[in-house]
Amino acid sequence: MDETLSQLLAPARQRSAIEWLAAWCSDRADVSSLSVGCSIGRGVADELSDVDAAIGVMAPRGLVGRDVIEEVESALVASLGEAGEVVDVLRDGSTSHERVIRRVFVQYADRLQLDLAVVAEEDVRRGDAAPDFITVYRAATAPPSVDAQRSAYAVSAEQLHEWAFRGWRALLDADKYLHRGSLWEAHARLHEAREVIWQLWAAGRGTSYPQHGLPQVLDDSPEDLPPHIEDTVAGVDAAELREALTAASTVLTRCTAACAPRLSTEPPIAAYARTVLHHPVGAEGPSPQQS
């Protein structure tokens, strides 16, 4: 067992679960590693923090290794009761020719939560690709780490363009629903635009995992928030929503600008949307629902 386990900063219940996981992994010849991350990896976990972990499997990457990865997943699920009284388990994942990821979320009766990913050892992210993850178990026979992994800080111009586009589209949709008097739909789309704002702000600030948006901003610099982001929050009220949409347009513009020079130009939809949002036509009022 890796010596970092004894140095891991975690509340008692989470530590006991991690120790159980590490022992379980070390007893299996088909498991190569256990890495723990997020709040526990950063040493800032509290009693309500879940355990985010990646279990590396001695299997080839992609479809070739899928059966072994799923066997380890099934064995893990069958053993979860050893760590406490299990309330429920959700199993899902993603499969492609290049990569198989099995995810296991576990809810225990004492409120402990495990959020686990079971992957081929070569797909376990380390170093700059997962700066908040710590290896707490690694088998002597585990293959060497893969160096060519995408940095957790990296975000492409194409991704930034897509986020900005989605943000402006959401605000235009919110405006449309507001004109129709469909306040709940306007409220929902405003929230989606705000999620994009958090992603762009995280990218502009150079945080890790900017795609996670709000949680990553709060983890990285909780005092460094987009100026006037609070003005983008509204109740299910037409006047409040109109003010929030106008504010969100301004904040989204600033957050997009913060991503320069990686995003050299805004998507054309931005200028169009600002014109629409700052010059609303007609009064909001109820009308028949439309798509």
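Residues numbered from 1 in each chain as written. Predicted model: local features only at pLDDT ≥ 70, side-chain atom pairs only at ≥ 80, totals over all residues. Heavy atoms only, no water.

Trainee: Describe the overall build of the chain, naming the residues involved and giving the relevant values.
Mentor: Looking only at helices and strands, the chain features 9 helices and 6 strands. In terms of overall dimensions, the chain has C-alpha extents of about 70 × 40 × 40 Å along its principal axes. Classification of the 291 residues of the chain by burial places 43% in the buried group. Counting only carbon and sulfur atoms, one obtains 53% of the accessible surface of the chain, whose full area is about 14,400 Å². (Helix = DSSP H or I, 4+ residues; strand = E, 2+ residues; numbered from the N terminus. Buried < 20%, exposed > 50% of the residue type's maximum accessible area, 1.4 Å probe, protein only. Areas by Shrake-Rupley, 256 points an atom, 1.4 Å probe, with all protein chains shown as cover.)

Trainee: Could you give an account of the side chain of T135, naming the residues involved and the relevant values?
Mentor: Of note, T135 is situated in strand β6 (residues 134-138). The class for T135 is buried, based on a relative accessible area of 18%. Side chain to side chain, T135 and R126 meet in a polar contact 3.3 Å long. (Polar contact = N/O pair within 3.5 Å; in protein donor to acceptor, adjacent residues only side chain to side chain.)

Trainee: Tell me about helix α4 (residues 66-79), and please be specific about residues and values.
Mentor: For α4, spanning 14 residues, the distance from its first C-alpha to its last is 20 Å, which sits close to the expected 20 Å at 1.5 Å a residue. Those residues of α4 that fall on the buried side of the exposure criterion are I69, V72, E73, A75, L76 and S79. Here the buried residues of α4 occupy an arc of 165 degrees about the axis, which is enough to place them on one side. Looking at α4, the residues exposed on the side facing more than 90 degrees away from the buried face are D67 and A78. Those residues of α4 that are buried lie in contact with α2 (12-26), β1 (31-37), β2 (51-57), β3 (86-95), β4 (100-108) and β5 (113-120). (Expected span 1.5 Å × (residues − 1). Arc of directions from axis to C-beta. Contact = heavy atoms within 4.5 Å.)

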